[in-house]
Amino acid sequence: MLVLGIETSCDETAASVLKDGKEILSNVVYSQIALHRPYGGVVPELASRRHLDTIVPVVEEALAKAGVNLKDIQGIAVTRGPGLVGALLVGLSFAKSLCAVNRVPLIGVNHIEGHICSIFLEKEVPFPFLSLTVSGGHTSLFLVKGIGVYEVLGQTRDDAAGEAFDKVAKLLNLGYPGGGIIESLAEKGKPKIRFPRALPSADSLDFSFSGIKTAVVNYVKGFSSLSENSKGLSLEDIAASFQEAVVDMLIKKVIQARRLYKTERLALAGGVISNGYLRHRFQEMAAAEDLDLFIPSPYLCTDNAIMIAWVGNHYLERGKQDSLDIDALSRWKVG
Ligand code: KG4
Ligand code: ZN
């Protein structure tokens, strides 16, 4: 079965053609980063307008790269939520019109379910397993008992981890998006500063990342009044210390969950997982904890339409489809 995936939930216009749920025939991602960079974050209205401009060429390119025509496509999977509603509507309306004209089934996909399932494009992971999804909008820990059966074990009470990277980079005037910038800076620094690790409570698997952001701001305020040399610390050290603290907080809750639920496997997902330091730290932790760790390739971690096509293909194969009057959902709990 050939499924066309479409993703427009935030600032990437993406389309992909997936064959039989495993062969990636094309993967086109048009990023709007340059458009939003001057504002230090995604501007929803600008995002929707840019999706409108790019959706047709992106889908055409995905079909051309896959070497297929629209008439070969047997189902269309599109992100229905969660995300920016105006941005979602562009992909969803376009997908609906393609389905109506070509008389193929439509399936609306949950973006977070897409992230969770991105690992299945590369690996088979036996159920049940823990899934840690860390992106710009979400930081959640799930117990995955099957496709579509996700128990939320913990989630962020305030900022998502990726959001913390972006906000800290903005506060330090480093640019947007913050993740990659902070990672490169951190490579040249040392984690000399002990920023506080917020761990809501010992019996909760929830996360919190707004405190670390404030801690970095307060630290930098004091820092600018001191000469750099007097403390022997640099921006690179601040970046490395911040990154270490975020990863420590993620790892701590995963270890807690692993012991509580006695699970032997962990899969990671989401844009922040493309961070090389984080990947390395999780590998060390998995070896120490005797956990089987599954990490998708970086191109599957950041937003893409392959993961949307994969989830869509799974449900379409089981005879599920949505009607052409479904709405976009800015909030939509997974599972
Ligand atoms: O999953 P994603 O592409 O989009 C959302 O669904 O949010 O994640 C984007 C987030 C941004 O906050 C970005 O700063 C972060 O992922 N990110 C990173 C890295 N690359 C992207 N965070 C840390 N290190 C990275 N290398
Ligand atoms: Zn995402």
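Please refer to the structure placed before this passage.
The paragraphs below set out a description of the structure included in this document. (Residues numbered from 1 in each chain as written. Chains lettered and ligands numbered in written order. Predicted model: local features only at pLDDT ≥ 70, side-chain atom pairs only at ≥ 80, totals over all residues. Heavy atoms only, no water.)

### Let's talk about the pattern of salt bridges
Under the definition given, this model contains 15 salt bridges. The partner of Lys71 in a salt bridge is Asp72, and the shortest N-O contact between them spans 3.9 Å. With a relative accessible area of 29%, Asp72 lands in the partly exposed category. Close ionic contact of Glu317 with Arg318 constitutes a salt bridge, the shortest N to O distance being 3.7 Å. On the accessibility criterion, Arg318 (55% relative accessible area) is exposed. Through salt bridges that share partners, Asp159, Glu163, Lys167 and Lys213 make up one connected network. (Salt bridge = Lys/Arg side-chain N within 4 Å of Asp/Glu carboxyl O. Buried < 20%, exposed > 50% of the residue type's maximum accessible area, 1.4 Å probe, protein only.)

### As for the site of ligand 1
In the vicinity of ligand 1, 21 residues are found, and the nearest of them are Gly136, Asp166, Glu183, Gly271 and Asn275. In this structure, Gly137 approaches ligand 1 through a main-chain N or O atom, which is 3.3 Å from an oxygen atom. Between an oxygen atom of ligand 1 and a main-chain N or O atom of Gly162, the distance comes to 3.1 Å. For ligand 1, whose accessible area on its own is 550 Å², the fraction buried by protein is 86%. Taken atom by atom, the bulk of ligand 1 overlaps the largest pocket. The set of elements that each furnish at least two residues to the shell around ligand 1 consists of helix H4 (111-117), helix H5 (161-171) and helix H6 (178-187). (Near = heavy atom within 4 Å. Polar contact = N/O pair within 3.5 Å; in protein donor to acceptor, adjacent residues only side chain to side chain. Areas by Shrake-Rupley, 256 points an atom, 1.4 Å probe, with all protein chains shown as cover. 1 Å grid on protein atoms, 1.4 Å probe; cavity = no way out; pocket = protein on both sides within 12 Å on 5 of 7 lines; lining within 4 Å. Sits in = over half its atoms within 2 Å of the grid points. Helix = DSSP H or I, 4+ residues; strand = E, 2+ residues; numbered from the N terminus.)

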